[in-house]
Amino acid sequence: MSDTHFFRPRPGGFFSLLARPAGWVFLLALAAVSCGALYLQWRKMRTYRETPWQEAFFLPRPEYVERLALGYNAWSADFLFLRAIQAFGARFYGLGAPEETLDAIYNFFDVISTLDPHFLDAYKFGNLVMGDEGGRQDMALAYLEKGQRANWRHHVPWYEASYIKIWGLKEFDNQAR
């Protein structure tokens, strides 16, 4: 058998860096920079002040936002919808909030549905935020009625409104029997 090493790096491969002293210096510098970046991130996170979630929902009236969208209405509605999901998921622990905050949430979803009236997921999520989590089924119904007018051929706004009426408001339709 010839004199073969168990580990012989392929020329040009990653491990060929370890065959030279400059490669070790590079790896040590990379490790030092990574540790420094992690330390700076840790210090930044310790001093970070979390902003209240209510600030995320305040927007001007829908007609002003529609002008500011500059024709990119669907994109703007998608962006605001993602912002609503982030604000809800990050800091929305029970909606024991003042009335003006609930009005701001209604206005936020009203802006989304004005920018893109056929965005059905926004109606479903607005129902969840206002009706189920917020306890304001009347606001959710008013929002879903707007969705019913814009999407009268689609079942989602109608289904969500019937869900609120049956489970949330306990209004059963006696004529359906």
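So, here's what we can say about the structure. (Residues numbered from 1 in each chain as written. Predicted model: local features only at pLDDT ≥ 70, side-chain atom pairs only at ≥ 80, totals over all residues. Heavy atoms only, no water.)

Mapping leucine 144 onto the fold places it in helix H6 (residues 137-150). Spatially, the C-alpha atom of leucine 144 lies 9.9 Å from that of alanine 122, the residues being 22 residues apart in sequence. In contact with leucine 144, other than residues within four places in its own chain, are Tyr123, Asn127, Pro157, Glu160, Ala161 and Ile164. (Helix = DSSP H or I, 4+ residues; strand = E, 2+ residues; numbered from the N terminus. Contact = heavy atoms within 4.5 Å.)

A few words now on a nonpolar patch on the surface. Side chains of Leu70, Tyr72, Trp75 and Phe79 sit close together on the surface and give an oily, nonpolar patch of about 570 Å² of accessible area. For leucine 70, the location among the structural elements is in the loop between helix H2 (62-68) and helix H3 (73-91). (Patch = residues over 30% accessible without salt bridge, like charges linked within 9 Å, V, L, I, M, F, W, Y side chains within 5 Å. Areas by Shrake-Rupley, 256 points an atom, 1.4 Å probe, with all protein chains shown as cover. Salt bridge = Lys/Arg side-chain N within 4 Å of Asp/Glu carboxyl O.)

On to helix H5 (residues 120-133). Along an α-helix, a turn takes 3.6 residues, which lines up residues three or four apart on a common side. Spanning 14 residues, H5 covers 19 Å between terminal C-alpha atoms, matching the ideal 20 Å at 1.5 Å per step. All of the buried residues in H5 are Leu120, Ala122, Tyr123, Phe125, Gly126, Asn127, Val129, Met130 and Gly131. Following H5 by one or two positions, glycine 135 adopts a phi angle in the positive range, close to 75 degrees. (Expected span 1.5 Å × (residues − 1). Buried < 20%, exposed > 50% of the residue type's maximum accessible area, 1.4 Å probe, protein only.)

By size, the foremost hydrophobic cluster in this structure holds 31 residues, and its most contacted members are Phe109, Ile112, Leu115, Phe125 and Met130. The set of elements that each furnish at least two residues to this core consists of H3, helix H4 (99-115), H5, H6 and helix H7 (156-168). Looking at this core element by element, the count peaks at 7 residues for H4. Filtering out sequence-adjacent residues up to four positions away, phenylalanine 109 remains in contact with Ala84, Ala122, Phe125, Gly126, Val129, Met130 and Tyr143. (Core = buried A, V, L, I, M, F, W, Y, C linked by side-chain atoms within 4.5 Å.)

Before going further, it helps to examine the side chain of glutamine 137. Relative to the helices and strands, glutamine 137 resides in helix H6. Setting aside its immediate chain neighbours within four residues, glutamine 137 contacts Gly131, Ile164, Gly168 and Leu169.

Our next topic: the environment of histidine 118. Examined against the element boundaries, histidine 118 turns out to sit in the loop between H4 and H5. Owing to a relative accessible area of 53%, histidine 118 belongs among the exposed residues under this scheme. In this structure the C-alpha to C-alpha distance between histidine 118 and alanine 74, which are 44 residues apart in sequence, comes to 9.3 Å.

Tracing the sequence through the fold places aspartate 110 in helix H4. Judged by relative accessible area, which is 15%, aspartate 110 ranks as buried. Sequence-distant contacts of aspartate 110, defined by excluding residues within four places in its chain, comprise Pro62, Tyr143 and Lys146.

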